[in-house]
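Chain by chain, the residues:
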Amino acid sequence: MVTKTDTTAIVTEPKLHEHIQPSLKRWFKHFLYLPASKRYFNKQDQHQIVQAVTQAEQGHVGEIQVVIEGHIPCSQAYHQNARLRAQQLFAELGVWDTEYNSGVLLYLNLCEQTVDIVVDRGIHKATTQQVWQDICNVMIEELKHKNYRQAVIQGVIEIGEILNQFYDHKVEDTENELTNKPIILN
């Protein structure tokens, strides 16, 4: 069941029942964070991410959506951690709505320096959470060294390799259902 809140944000029924410890510390951290997404990812970086996504989506029906967010909106940060925010964006952006249930959301939160990967039900059965967590851990290490662009590109390429293994049948020209351009939110 999908419902809309008064801010028209899509909230799925399971998320309404998840128990996340409200955090005033998290709220302050996101409230005081200065938007810097554009500073970390200039137009050239964004172009290289587009090329990496295009390359990673070749030969299979998997779709990769990259979302880079400076901070969680203050109205949500008290009750929502980065993982829940990634799940919310997965739903709002329609990453789940691909023809073969093959969407993957790569979410980077700059304020918390966290990475989350949310996969659609068509891919979820074929892999373990540890596979995705390993990609996140490698990306987080790159972020600690301030290699932001390289972290995202490396994560996208690794996701593409997993999708290539999962979709063993090669496909020539598949329609691109999700934009390859990273979505950058402040």
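Note: the structure precedes this text.
Read on for an overview of the structure. Not measured: the values here are computed from a predicted model.

Quick look at the sheet that holds strand β6 (residues 183-185)
Thinking step 1. Reading across from one edge, β5-β4-β3-β6 is the order of the four strands in this open sheet, with mixed pairing throughout. This sheet does not close on itself; its edge strands, each paired only once, are β5 (114-119) and β6. Averaged over all adjacent pairs, the angle separating strand axes in this sheet is 15 degrees, with direction ignored.
Thinking step 2. In this structure, strand β3 (residues 63-69) lies alongside β6, joined through three bridges in parallel fashion. Its bridge partner being in β6, I68 is matched across the sheet by I184.

Examining the packing of aromatic side chains
Thinking step 1. Evaluated as defined, the whole model comprises two aromatic pairs.
Thinking step 2. Taking the centre distance of 4.4 Å and the plane angle of 40 degrees together, the rings of Y40 and Y148 count as tilted. You can see Y40 sitting in helix α3 (residues 37-40) and its partner Y148 sitting in helix α9 (residues 148-166), a full 108 residues away along the chain.
Thinking step 3. Looking at Y40, the relative accessible area reads 24%, which means it is partly exposed.
Thinking step 4. We classify Y148 as buried; its relative accessible area is 8%.
Thinking step 5. The interplanar angle of 70 degrees and the centroid separation of 6.4 Å between the aromatic rings of F41 and Y148 together place this pair among those described as edge-to-face. Placement of F41 in the loop between α3 and α4 (43-56) and of Y148 in helix α9 is noted, with a sequence separation of 107 residues between them.
Thinking step 6. The structure contains a cluster of three or more aromatic residues connected by ring pairs, namely Y40, F41 and Y148.

Criteria and cut-off values
- In every chain, residue numbers begin from 1 and rise along the written sequence.
- This being a predicted model, a pLDDT of at least 70 is required before a residue's local features are given, and a value of 80 or more before pairs of side-chain atoms are given or counted; all residues contribute to the totals for chains, interfaces and linings.
- Side-chain metrics in this entry use all non-hydrogen atoms of the structure; hydrogen atoms and water are not considered.
- Pairs of strands are assigned from DSSP output, requiring at least two bridges between the strands.
- Segments assigned H or I by DSSP are reported as helices when at least four residues long, segments assigned E as strands when at least two residues long, and all are numbered from the N terminus.
- As a rule, the C-alpha atoms of each element are fitted with a line to give its axis, helices using only the stretch in contact, and angles between N-to-C directions run from 0 to 180 degrees.
- Geometry of aromatic contacts follows a simple scheme: Phe, Tyr and Trp rings, the Trp one being its six-membered ring, pair when their centres are within 6.5 Å, and the pair is stacked under 30 degrees between planes, edge-to-face over 60, tilted otherwise.
- Relative accessibility decides the category of a residue: with a 1.4 Å probe and only protein chains considered, values under 20% of the type maximum give buried, values over 50% give exposed, and everything between is partly exposed.

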